[in-house]
Amino acid sequence: MADIDFLKKMAAQVRRDVIRMVHKPASGHPGGSLGCADFFTALYFEVMNIDPKNFTMDGTGEDVFFLSNGHLSAAWYSVLARRGFFEVAELSTFRLINSRLQGHPTTAEHLPGIRVASGSLGQGLSVACGAALAKKLNGDKNLVYTLHGDGELQEGQIWEAALFAAAKKIDNLIATVDYNGKQIDGPVDEVVTLGNLKAKWESFGWEVLESNGNDMEKLISTFALAKSKTGQGKPIVILMRTEMGMGVDFMMGTHKWHGKAPNDEEFARAMAQLPETIGDF
């Protein structure tokens, strides 16, 4: 049984971590990171079968995760550290010269938890298909998870991978779309509309679930449902509605905080809205 109160406190701390991380170097992507803090927390503290202290690149015998929209690195790094992959104090080096915590994750820094570079959008689902097939070939019953941005779904390679996953019955794969309706240049529907996203994924042969990505209880129950549908011949995708900038009032409801760091005044305003629940780094 999930400890919902603990998960909510952890997600709240992750949001605080995110703002502190992007403020120090005056660089980063707070909007989506804040919106997906609940997702990362649920995934790493409740959903996945993982061994943080014995990280391996191949992930044999455990679940693996690929962050396709790599600009959400601040939230991911925070959760990785809080889950024990590396020391929480290292979060203070985010985006600094010679840091292992680069703005977009890479494997060159050998940071535990990172299995693929994801600065370029559109590639994560292809990588996940390969990893999921490898698990099947190796008799590994664990699962592969991914996260994608809704704006990222404008990349053609996503749909090539979606066709492939359905055609090859990659049913040990659970993809999630951060469906906040915003991207760097504005509302997704004004840049390149995605149409009926649920119908689109279904037409590509996927099992489609929907959830509120800022409701911890609903997230946990949706992941449980998704896991129950694995092994039935279809890949699974969760369309996860979130609010960009969740938790900071002046960052919500706009795309403008996709890749903008707060100044000192904005930082103080944000910190006043984000309680320290687990302990700052």
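Placed above this text is the structure.
Residues numbered from 1 in each chain as written. Predicted model: local features only at pLDDT ≥ 70, side-chain atom pairs only at ≥ 80, totals over all residues. Heavy atoms only, no water.

1. Looking at the overall build of the protein
Okay, so step 1: Looking only at helices and strands, the protein has 10 helices and seven strands in total.
Okay, so step 2: Its C-alpha atoms give the protein a radius of gyration of 18 Å, near enough to 19 Å, the size a compact globule of 281 residues would have.
Okay, so step 3: Overall, the C-alpha framework of the protein stretches about 50 × 45 × 35 Å when taken along its three principal axes.
Okay, so step 4: The burial tally for the protein puts 54% of its 281 residues in the buried class.
Okay, so step 5: Expressed as a percentage of contacts within the protein between residues at least 6 apart in sequence, the contacts between residues at least 24 apart total 75%.
Okay, so step 6: Accessible area for the protein stands at about 11500 Å²; split by element, carbon and sulfur atoms hold 50% of it. (Helix = DSSP H or I, 4+ residues; strand = E, 2+ residues; numbered from the N terminus. Rg over C-alpha atoms; globule rule 2.2 N^0.38 Å. Buried < 20%, exposed > 50% of the residue type's maximum accessible area, 1.4 Å probe, protein only. Contact = heavy atoms within 4.5 Å. Areas by Shrake-Rupley, 256 points an atom, 1.4 Å probe, with all protein chains shown as cover.)

2. So, unusual backbone geometry
Okay, so step 1: Positive phi, close to 55 degrees, is recorded for Ala26, a residue that is not glycine.
Okay, so step 2: Tracing the sequence through the fold places Ala26 in the loop between helix H1 (4-23) and helix H2 (30-35).
Okay, so step 3: For Asn98, which is not glycine, the phi dihedral falls at a positive 70 degrees.
Okay, so step 4: The topology assignment puts Asn98 in the loop between helix H4 (73-83) and helix H5 (124-137).
Okay, so step 5: With relative accessibility at 75%, the residue Asn98 sits in the exposed group.

3. Re the environment of Ile220
Okay, so step 1: Mapped onto the elements, Ile220 comes out in helix H9 (residues 216-228).
Okay, so step 2: The buried category is assigned to Ile220, whose relative accessible area is 14%.
Okay, so step 3: In this structure the C-alpha to C-alpha distance between Ile220 and Thr193, which are 27 residues apart in sequence, comes to 29 Å.
Okay, so step 4: Each residue touching Ile220, except ones within four places of it in the same chain, is listed here: Ala2, Ile4, Leu7, Ala42 and Glu46.

4. Digging into the packing of H1 against helix H3 (residues 37-47)
Okay, so step 1: Interhelical geometry of H1 versus H3 gives an angle of 130 degrees and a closest axis separation of 9 Å. Taken together, the axis directions place H1 and H3 in an arrangement best described as oblique. H1 and H3 meet at a crossing whose hand is right-handed. Of the residues in H3, those touching H1 at Phe6, Leu7, Met10, Ala11, Val14 and Arg15 are Ala37, Asp38, Thr41, Phe45 and Glu46. (Axes fitted to C-alpha atoms, helices over the stretch in contact; angles between N-to-C directions. Parallel < 35°, antiparallel > 145°, perpendicular 65-115°, else oblique. Left-handed = near helix turned anticlockwise from the far one by under 90°.)

5. Concerning H9
Every α-helical turn comprises 3.6 residues, leaving residues that sit three or four positions apart pointing alike.
Okay, so step 1: Helix length check: H9, at 13 residues, gives a terminal C-alpha distance of 19 Å against a target of 18 Å (1.5 Å per residue), a fit within 8%.
Okay, so step 2: Listed in full, the buried residues belonging to H9 are Met216, Leu219, Ile220, Thr222, Phe223 and Ala226. Along H9, the residues classed as buried sweep out an arc of 165 degrees about the axis, all on the same side.
Okay, so step 3: Packing partners of the buried residues in H9 comprise H1, H3, strand S2 (144-149), strand S3 (173-179), strand S6 (207-212) and strand S7 (236-241).
Okay, so step 4: The backbone nitrogen of Glu217 has a side-chain oxygen 3.2 Å away, supplied by the residue at the start of H9, namely Asp215. (Expected span 1.5 Å × (residues − 1). Arc of directions from axis to C-beta. Polar contact = N/O pair within 3.5 Å; in protein donor to acceptor, adjacent residues only side chain to side chain.)

6. Some thoughts on the pattern of salt bridges
Okay, so step 1: With the rule as written, the count across this model stands at 12 salt bridges.
Okay, so step 2: Close ionic contact of Arg16 with Asp280 constitutes a salt bridge, the shortest N to O distance being 2.8 Å. One end of the pair, Arg16, is in helix H1; the other, Asp280, is in the segment after helix H10 (264-273), and 264 residues separate them in sequence.
Okay, so step 3: Judged by relative accessible area, which is 13%, Arg16 ranks as buried.
Okay, so step 4: Of the charged contacts, one joins Glu207 and Lys229 as a salt bridge, the two residues approaching to 3.7 Å between their closest N and O atoms. Separated by 22 residues along the polypeptide, Glu207 in strand S6 and Lys229 in the loop between H9 and S7 bring together distant segments of the chain. (Salt bridge = Lys/Arg side-chain N within 4 Å of Asp/Glu carboxyl O.)

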